[in-house]
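# A look at the structure
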Amino acid sequence: DDFLASYRERRLNELKEEASKPLFGSLRRDATKDDYLAAIAVPRVVVVVHLHEPRHPACSRLEDILAVLATRRKDISFLSMTLDEAGQTFDRDVLPVLALYKDGDIVDSLFCVTNDLDVLSEHDDLERLIDTSAAFAKQGDDVPGVVAQVF
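Nothing here was measured: the structure is a model prediction, and the numbers come from that model. (Residues numbered from 1 in each chain as written. Predicted model: local features only at pLDDT ≥ 70, side-chain atom pairs only at ≥ 80, totals over all residues. Heavy atoms only, no water.)

### Brief notes about the packing of aromatic side chains
How we decide: In summary, the pairing rule links any two rings of Phe, Tyr or Trp, Trp by its six-membered ring, whose centres are within 6.5 Å, and it sorts them by plane angle into stacked for under 30 degrees, edge-to-face for over 60 and tilted for everything else. Secondary structure counts use DSSP, requiring at least four H or I residues in a row for a helix and at least two E residues in a row for a strand, with both numbered from the N terminus. Buried means the residue's accessible area, taken with a 1.4 Å probe over protein chains only, is under 20% of the maximum for its type, while exposed means over 50%, and partly exposed covers the values in between.
Under the counting rule described, the total for this entry stands at three aromatic pairs. A centroid spacing of 6.3 Å and a plane angle of 20 degrees characterise the contact between Phe3 and Tyr7, whose relative ring orientation is stacked. Highlighted residues: Phe3 and Tyr7, both in helix 1 (residues 2–20), separated by four residues, approximately one helical turn. Looking at Phe3, the relative accessible area reads 61%, which means it is exposed. Between Phe90 and Phe111, the ring centres sit 5.8 Å apart and the planes meet at 70 degrees, which makes this aromatic pair edge-to-face. Of the two residues, Phe90 is situated in the loop between helix 4 (83–86) and strand 4 (97–102) and Phe111 in the loop between strand 5 (105–110) and helix 5 (122–131); the sequence distance between them amounts to 21 residues. For Phe90, a relative accessible area of 25% corresponds to the partly exposed category.

And the structure:
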């Protein structure tokens with residue numbers, strides 16, 4: 001009985017915490033630096049930033065996939081910004097790039113993202129890739145080091 005009461009209380013607290021998190025539901029395209037800074041400042045939220053070149057085919061493909069995924073994953077803030085706006089330069093061979101943030105800190109950088117996606121299941125593949133990133137690691141999990149810093 002004590003165990004069940006303890007479990008019930010812990011589970012109710014977890015559900016309350018989840019319910020208090022903000023919900024999103026769309027990809028914020030062509031974000032500015034101010035949009036980016038405001039997005040990563042939200043506590044307890046995973047933010048996926050797509051750094052892209054507007055005329056790069058793989059970036060355009062990823063942009064479309066992210067727009068659909070954002071409607072499915074309302075717990076994640078999705079935004080995209082051009083490399084020029086971000087003040088970054090990457091070799092075209094590593095595009096498209098996703099930077100994942102949590103609690104204002106970059107926790108993972110994913111390069112050549114579309115290379116790992118199957119055309120028939122690209123939405124599910126991208127969701128799985130994001131879900132297995134360091135952004136969703138539990139406290140104390142062994143997490144690989146950060147690859148790059150955006151700003």
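### What to know about a nonpolar patch on the surface
To keep things clear, this is the line we draw: Exposure above 30% relative accessible area and the lack of any salt bridge qualify a residue for a patch; like charges then connect within 9 Å, and the nonpolar side chains Val, Leu, Ile, Met, Phe, Trp and Tyr within 5 Å. Using a 1.4 Å probe, accessible areas were evaluated by the Shrake-Rupley method; residue-level cover was limited to the displayed protein chains. Salt-bridge detection follows one rule: a side-chain nitrogen of Lys or Arg within 4 Å of a carboxyl oxygen of Asp or Glu.
A grouping of Phe3, Leu4 and Tyr7 is seen on the molecular surface, where their side chains present a nonpolar patch of about 370 Å² in accessible area. With a relative accessible area of 42%, Tyr7 lands in the partly exposed category.

### What to know about the packing of helix 3 (residues 57–72) against helix 5
Counted only if it meets this: To define axes, lines are fitted to C-alpha atoms, for helices over the stretch in contact only, and angles between the resulting N-to-C directions are given on a 0 to 180 degree scale. Comment on the angle field: the value is read as roughly parallel under 35 degrees, roughly antiparallel over 145, roughly perpendicular from 65 to 115, and oblique elsewhere. Contacts were defined at the residue level, with two residues in contact if any of their heavy atoms lie within 4.5 Å. Any residue that is not Ala, Val, Leu, Ile, Met, Phe, Trp, Tyr, Cys, Pro, Asp, Glu, Lys or Arg is counted as polar, Gly included; the first ten are nonpolar and the last four charged.
Packing of helix 3 against helix 5 leaves a shortest axis separation of 10 Å and a crossing angle of 75 degrees. Judged on the interaxial angle alone, helix 5 and helix 3 are roughly perpendicular. On helix 5, the residues that touch Arg61, Leu62, Ile65, Leu66, Val68, Leu69 and Arg72 of helix 3 are Glu122, His123, Asp124, Leu126, Glu127 and Ile130. Its residues assigned to classes, the contact of helix 3 with helix 5 comprises seven nonpolar, one polar and five charged.

### Some points on the nonpolar core
Taken as a class, soluble globular proteins show a tendency for nonpolar side chains to be buried jointly. The line we're drawing: Take the buried Ala, Val, Leu, Ile, Met, Phe, Trp, Tyr and Cys residues and link them wherever side-chain atoms come within 4.5 Å; each set so joined is a nonpolar core.
Counting residues in hydrophobic clusters, the biggest one holds 20 residues, and the most contacted among them are Val48, Leu66, Phe78, Leu98, Leu100, Leu126 and Ile130. Put simply, the parts of the chain that give this core at least two residues each are strand 2 (46–52), helix 3, strand 3 (76–82), strand 4, strand 5 and helix 5. With five residues, the single largest contributor to this core is helix 3. Formed by 18 residues, the second largest nonpolar core is a distinct cluster that contains Leu51, Cys59, Leu83 and Leu95.

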